[in-house]
Amino acid sequence: MRRKEKRLLQAVALVLAALVLLPNVGLWALYRERQPDGTPGGSGAAVVPAAGLGSHNQQKKIFFVGDGQKLKDWHDKEAIRRDAQRVGNGEQGRPYPMTDAERVDQAYRENGFNIYVSDKISLNRSVPDIRHPNCNGKRYLETLPNTSIIIPFHNEGWSSLLRTVHSVLNRSPPELIAEIVLVDDFSDREHLKKPLEDYMALFPSVRILRTKKREGLIRTRMLGASAATGDVITFLDSHCEANVNWLPPLLDRIAQNRKTIVCPMIDVIDHDDFRYETQAGDAMRGAFDWEMYYKRIPIPPELQKADPSDPFESPVMAGGLFAVDRKWFWELGGYDPGLEIWGGEQYEISFKVWMCGGRMEDIPCSRVGHIYRKYVPYKVPAGVSLARIHNVGTGLCADTKHGALGSPLRLESCVRGRGEAAWNNMQVFTFTWREDIRPGDPQHTKKFCFDAISHTSPVTLYDCHSMKGNQLWKYRQDKTLYHPVSDSCMDCSESDHRIFMNTCNPSSLTQQWLFEHTNSTVLEKFNRD
Ligand code: UDP
Ligand code: MN
């Protein structure tokens, strides 16, 4: 080849290369999706067709990201149209008009929410699209990972469980659902046995697994996760309703960065009338206080996104609803299998994600409703110190009905079963790991503690200070509740039912107290000096 020709060829090749490769000049720019700030996964941002694509392409809605992957509008327009036309009880997430007959205690007893109302609402009911309007314009990767949906349940109501499954099937692109795994945590309600199996036989993508004993939600989720085959695992509670286009925005973030754990916005399905609405304040970050109580706190101004519908980071997740790359979940070690029944697992997984180079995000364009119960309906088996405190001498129970802060505790007749008094935590007490006694079940204790200031004073409820002292109690073998600071025991009056401190006399029946559920290990620890 002659030198002149070679030069020419080289020049042509250079120009061509520039056209193809140079950012903002070359053809590359035409196919490039605009990534706002170079952070991984900008495709969630409202996508405008890249300059120069031409109007015919705009119509076809073909979009591209940096590595040439296409974006698409995942909205199921047909389903949205169908939902919009639905009318009837609870449709469009409207409150069900309750009658007095439906307002009774019985309706709440087994589930902690009004199952009569739930039963009156269609399993396919529509929910309002309360996403930020920008969500309508968002495009996500055309090729997304698929997901196994894991739904643990323990004695869940029929219609609430089925509505969860229906809402997922109705509002998820079928190709993104690898399977729905219902994991039964040793329920004893009949409808969850054969009837559930028969029903779910109609849905090929639904599988049912069962634990061999009561495991609690953490190990139940783990069982589901270990059986999952999808690229991603998505955990939901057994009383949820997925909202419009909830899934693609979650999977898109994981596709962009597999170490991102994503949570949908959790909306409130009212436990009385099943209305569907946002949580107070809507988008907030997850946090916790010194008692390890989960808290939602406002997003600080410096972290607020220009587009409020964009994903934002959250330090800890609420717990029940999130999606995670399956392999990443196991790289993190899953959950600590020693966690019992309920609670704490959201901190464990959240801390591990952040410490292992992952991140956690809340996704405003993905919304899922959740029934926040009125009270915890299920039994917490021994293993947790949860008790009604029953006085042997009087046959009555410690009660906080008259327990305004600072006023003396009193005895009342013991409530049976899980009636209204127990739901309101008036006769249920917990021995906490701080060795104080608080009203409430272990997961929902109030921050008031049994408090006595002297060996003759009344026992009152006072703000917990967690510093032992006058809030430190020991439950002894002789059934007395011993107060080391005053070297006295809890006693009560048969005539006016007040509870007070007295010189210890283990043979006095009014100084003997019994507990409904106790765990000998916890009590032993409690009593060790
Ligand atoms: N769950 C379970 N085993 C238990 C307790 C709860 O499988 O021992 C399930 C329950 O059915 C639900 C999820 O775990 O799907 C979360 O529990 P729950 O809804 O009671 O927690 P909350 O939403 O009140 O925090
Ligand atoms: Mn729940």
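So, a few notes on the structure that sits alongside this text. For clarity, every value in this text was computed on a predicted model and none was experimentally measured. (Residues numbered from 1 in each chain as written. Chains lettered and ligands numbered in written order. Predicted model: local features only at pLDDT ≥ 70, side-chain atom pairs only at ≥ 80, totals over all residues. Heavy atoms only, no water.)

1. Notes on helix α7 (residues 158–170)
Phase 1: Helix length check: α7 (13 residues) gives 18 Å between terminal C-alpha atoms against 18 Å at 1.5 Å per residue, within 8%.
Phase 2: Here α7 lies mainly inside the structure; 10 of its 13 residues are buried.
Phase 3: Taken residue by residue, α7 has S159, S160, L161, L162, R163, T164, V165, H166, S167 and V168 as its buried positions. (Helix = DSSP H or I, 4+ residues; strand = E, 2+ residues; numbered from the N terminus. Expected span 1.5 Å × (residues − 1). Buried < 20%, exposed > 50% of the residue type's maximum accessible area, 1.4 Å probe, protein only.)

2. Topic: the coordination of the manganese ion (ligand 2)
Phase 1: Protein coordination at the manganese ion (ligand 2) comes from D237 (OD), H239 (NE2) and H370 (NE2), with a distance range of 2.1 to 2.2 Å.
Phase 2: Read from N- to C-terminus, the donor residues coordinating the manganese ion (ligand 2) fall into the pattern D-x1-H-x130-H. Side by side, D237 and H239 carry an identical accessibility label, which is buried. (Donors = N, O, S within 2.8 Å, 3.2 Å for Na, K, Ca; no water.)

3. Side note on the pattern of salt bridges
Phase 1: Taken as a whole and assessed by the stated rule, the structure comprises 38 salt bridges.
Phase 2: One salt bridge connects E345 with R221, and the closest N-O pair in it is separated by 3.3 Å. In this pair, E345 sits in helix α12 (residues 345–355) while R221 sits in helix α9 (residues 217–227), placing the two residues 124 residues apart along the sequence. There is no split in this pair, since E345 and R221 are both buried.
Phase 3: R367 is the partner of D282 in a salt bridge, and the nearest nitrogen-oxygen pair spans 2.6 Å. Taken together, the residues D282 in the loop between β10 (276–277) and β11 (285–288) and R367 in strand β15 (residues 359–371) connect sequence positions 85 residues apart.
Phase 4: You can call D282 partly exposed: its relative accessible area is 27%.
Phase 5: Residue classification places R367 among the buried positions, given a relative accessible area of 2%.
Phase 6: Overlapping salt bridges bring together K213, E215, R219 and E340 as one network. (Salt bridge = Lys/Arg side-chain N within 4 Å of Asp/Glu carboxyl O.)

4. Considering the nonpolar core
Across soluble globular proteins, nonpolar side chains show a tendency to be buried alongside one another.
Phase 1: Among the nonpolar cores identified, the biggest contains 37 residues, and I180, L182 and W246 are the most heavily contacted of them.
Phase 2: In this structure W246 touches I149, V168, R171, S172, T234, L236, S366, R367 and V368, once residues within four positions along its chain are discounted.
Phase 3: Of all hydrophobic cores here, the second largest spans 24 residues; its members include I150, V181, V324 and L339. (Core = buried A, V, L, I, M, F, W, Y, C linked by side-chain atoms within 4.5 Å. Contact = heavy atoms within 4.5 Å.)

5. Structural notes on the packing of aromatic side chains
Phase 1: Evaluated as defined, the whole model comprises 15 aromatic pairs.
Phase 2: Aromatic pair W158 and Y199: ring centres 5.6 Å apart, planes at 80°, arrangement edge-to-face. A residue pair is termed long-range when its members are at least 10 positions apart, and W158 in helix α7 and Y199 in helix α8 (residues 194–200) qualify at 41 residues.
Phase 3: Linked through ring pairs, F235, F322, F329, W330 and Y335 together constitute an aromatic cluster.
Phase 4: In this structure, K72 is placed above the aromatic ring of W74, and the distance from its NZ or CZ to the ring centre is 4.0 Å. (Phe/Tyr/Trp six-rings, centres within 6.5 Å; stacked < 30°, edge-to-face > 60°. Lys NZ or Arg CZ within 6 Å of the ring centre and 35° of its normal.)

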